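Observations on the three-dimensional arrangement
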Amino acid sequence: MDLHVALPSGRSCLVSMGPDATLGDLKVAAQKALQKGFLRLVIHGRVREDFECHLSKVGLEHGQVVYAIVQTPQLAASFQAFALWCCGGGCVTWGHPGYGGDSSAVQEELRMKGVQHIEASKHAFAALLSDGSVVAWGDPGYGGDCSQVKEQLKNVCQVKGTGCAFAAVRQDGGVVTWGHPMLGGDMSAVQDQLNDIKEIEASDGAFAALRCDGGVVTWGEAWFGSDSSAVQDRLQNVQQLQSSHGAFTAILADGAAISWGPVKHGGDSRAVQARLRRVRSVRSSGSAFAALVEEGGRVSVVTWGHPTCGGDSGHVQDRLQNVQQIVGAGSAFAALLADGKVVTWGHPMLGGDSSSVALCDVQNIFGSCHAFSAIRADGTVVTWGHEDRGGDCSQVSERLHEVLQICGSYNRFAAVTAAGDVVTWGLEELENDNSSAQERRKRFQQVRSVDDVPGLELL
């Protein structure tokens with residue numbers, strides 16, 4: 001049977017299918033012919049995801065046109081695993097099983113219900129499904145098991161993760177938590193305050209919930225910003241929340257910004273408080289914050305927190321003109337300018353010094369714990385930071401073309417290309433691995449293609 005597969009752009013291809021071919025076979029053939037890695041088939045006006053179904057039972061005839069929609073892939077990362085999904089479809093995972101790399105136990109539920117979004121803790125993942133339910137996998141001590149609160153996880157609209165726990169916001173404004181009790185998994189101390197919740201932000205060990213009335217409720221470990229008592233009287237009419245590893249910043253309706261949490265993580269903004277009046281947005285590294293602020297008829301960058309981790313931007317202030325985007329890594333910041341150039345500051349070995357690479361025509365920037373990656377206008381990638389931990393992609397650069405998305409874990413990056421390839425680079429630490437850094441780098445700076453990630457071609 002010959003079928004025409006057409007994209008909304010008008011581009012099409014002809015594929016020949018055997019008598020026993022399934023919808024899955026048709027999808028794979030169309031993706032290869034069109035060189036598009038993530039297609040959704042529309043047959044007789046209906047999106048078909050039942051890939052095991054034979055074409056003979058679908059009602060297709062020789063020469064018929066099948067329409068295909070190009071999906072946008074999304075990535076999430078725990079410390080040593082990745083999850084890849086397309087909205088409304090299934091999910092594939094890879095990496096260390098103890099960190100969420102093995103999702104086989106929940107694959108059927110992920111595929112049948114469709115994934116809307118995925119959040120990660122250090123060792124686990126939680127997926128918000130199309131019907132408003134949630135499924136989790138990975139290390140139970142890090143939020144990988146939500147079975148005890150499964151019945152409460154209905155009509156969920158947001159999921160957020162600390163390093164060891166998850167919190168879900170329901171459409172009725174209620175909150176459900178699970179995972180390590182001391183690091184956000186136990187909300188009993190503030191249960192009576194958790195109503196009419198709009199959204200939640202998370203540090204490594206605490207949650208901050210924004211109420212519909214503009215108030216903020218915090219819980220978890222104090223060392224990670226759960227104690228907001230010193231600023232509670234000022235946390236009124238809050239519009240946005242942002243977190244570092246251990247502190248929070250709130251943007252108020254009048255444009256002011258307020259921080260709390262340990263000073264070493266950026267929890268004290270008093271030194272720059274006078275400039276935090278017309279704040280547009282706030283971004284964070286592991287231990288510092290950077291705000292885009294309107295002052296004197298222009299947009300400036302104001303930073304505070306640990307100086308080595310990006311809290312001090314004094315030496316690059318004259319270059320921070322026409323900033324469009326700020327991205328944080330573990331210990332540094334990168335600012336994307338209107339002309340496609342990039343300015344960096346923070347720990348020089350962990351992304352704060354980008355002088356060794358040509359950063360021009362950049363469209364998007366992604367941070368990990370130790371490095372940055374950027375996608376250029378031509379779809380290629382440039383990296384900088386710790387060479388062993390994602391800052392050097394030279395061994396896979398020939399495969400990094402038409403890159404759509406990048407995500408950073410603790411020691412590595414994963415990139416998805418338009419053709420459907422997944423390319424990873426950096427180090428993957430193994431338990432009881434006594435090999436040298438050079439040996440590990442050689443072993444794990446490698447390409448992962450469709451064949452290396454089971455189920456990717458049918459995502």
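Being a predicted model, the structure only gives us computed values, none of them experimental. (Residues numbered from 1 in each chain as written. Predicted model: local features only at pLDDT ≥ 70, side-chain atom pairs only at ≥ 80, totals over all residues. Heavy atoms only, no water.)

Re the overall build of the protein chain
To keep things clear, this is the line we draw: Only runs of H or I of at least four residues qualify as helices and only runs of E of at least two qualify as strands under DSSP, and these elements are numbered from the N terminus. Our radius of gyration is a C-alpha quantity, and the globule rule it is checked against amounts to 2.2 Å times the number of residues to the power 0.38. The classification of residues rests on relative accessible area computed with a 1.4 Å probe and restricted to protein chains. Under 20% of the type maximum is buried, over 50% is exposed, and intermediate values are partly exposed. Charge counting follows a simple rule: Lys and Arg are positive, Asp and Glu are negative, and His as well as the terminal groups are ignored. Charge coordinates come from a single atom per side chain, which is NZ of Lys, CZ of Arg, CG of Asp or CD of Glu.
In terms of helices and strands, the protein chain carries three helices and 33 strands. What you see for the protein chain is a C-alpha radius of gyration of 23 Å, in line with the 23 Å of a compact globule of 459 residues. With the principal axes as the frame, the protein chain shows a C-alpha extent of 70 × 50 × 50 Å. Buried residues in the protein chain amount to 56% of all 459 residues. Averaging the coordinates of the 37 positive side-chain charges in the protein chain and doing the same for the 50 negative ones gives two points 4 Å apart.

Thoughts on unusual backbone geometry
Phi at Asn237 takes a positive value of approximately 55°, unusual for a residue other than glycine. Within the secondary structure, Asn237 is located in the loop between β17 (216-220) and β18 (238-243). A relative accessible area of 47% means that Asn237 is categorised as partly exposed. Phi is positive for Glu402, which is not a glycine, with a value near 50°. Inspection of the secondary structure assignment puts Glu402 in the loop between β29 (381-385) and β30 (403-408). Looking at Glu402, the relative accessible area reads 53%, which means it is exposed.

Section: the pairing of β18
Rules: At least two bridges found by DSSP between two strands is the condition for calling them paired.
Pairing of β18 with strand β19 (residues 248-252), which is carried by five bridges, proceeds in the antiparallel orientation. Each bridged residue has a counterpart across the sheet, and for Leu241 the counterpart in β19 is Ala250. Hairpin connection between β18 and β19: a loop of four residues separates the two successive antiparallel strands.

Re the environment of Met1
Operational definition: It only takes one pair of heavy atoms within 4.5 Å for two residues to be counted as in contact.
Mapped onto the elements of the fold, Met1 is located in the segment before β1 (2-6). It is 46 Å that separates the C-alpha atoms of Met1 and Asp145, two residues lying 144 residues apart in sequence. Contact partners of Met1, with chain neighbours within four places excluded, come to Val15, Ser16, Met17, Leu60, Glu61 and His62.

Side note on the sheet that holds strand β27 (residues 362-367)
Rules: Fitted lines through C-alpha atoms serve as axes, helices being fitted only where they are in contact, and the angles separating the N-to-C directions of these axes extend from 0 to 180 degrees.
Taking strand neighbours across the sheet as the criterion, the three strands line up as β27-β28-β29 in an open arrangement whose pairing is antiparallel. Sheet topology places β27 and β29 at the edges, where each strand pairs with a single neighbour. In this sheet, adjacent strand axes meet at a mean angle of 20° when their direction is disregarded.

Some words on the sheet that holds strand β7 (residues 81-86)
With respect to topology, three strands assemble into an open sheet ordered β6-β7-β8, the strand pairing being antiparallel. Two strands close off the open sheet at either side, each with one partner strand: β6 (73-77) and β8 (91-95). On average, each strand axis in the sheet is inclined to that of its neighbour by 20°, with strand direction left out of account. Direction of pairing for β7 relative to β8: antiparallel, over a ladder of five bridges. Bridge pairing in β8 links Trp85 to Cys91.

So, the packing of aromatic side chains
Just so we agree on the cut-off: Centres within 6.5 Å make a pair out of two Phe, Tyr or Trp rings, where for Trp the six-membered ring is used; the pair is then stacked when the planes are under 30 degrees apart, edge-to-face when over 60, and tilted otherwise.
Here the structure, examined in full by the defined rule, presents 10 aromatic pairs. Taking the centre distance of 5.5 Å and the plane angle of 20° together, the rings of Phe248 and Trp260 count as stacked. Residue Phe248 is located in strand β19, and its partner Trp260 is located in strand β20 (residues 257-260); the two are separated by 12 residues in the primary sequence. In terms of burial, Phe248 and Trp260 fall into one category: buried. For the pair Phe372 and Trp384, a centre-to-centre distance of 5.3 Å together with 25° between the ring planes defines the contact as stacked.

Considering the pairing of β17
Most of β17 sits out of view: four of its five residues are buried. Pairing between strand β16 (residues 206-211) and β17: five bridges, direction antiparallel. Bridged to Leu210 within β17 is Val216.

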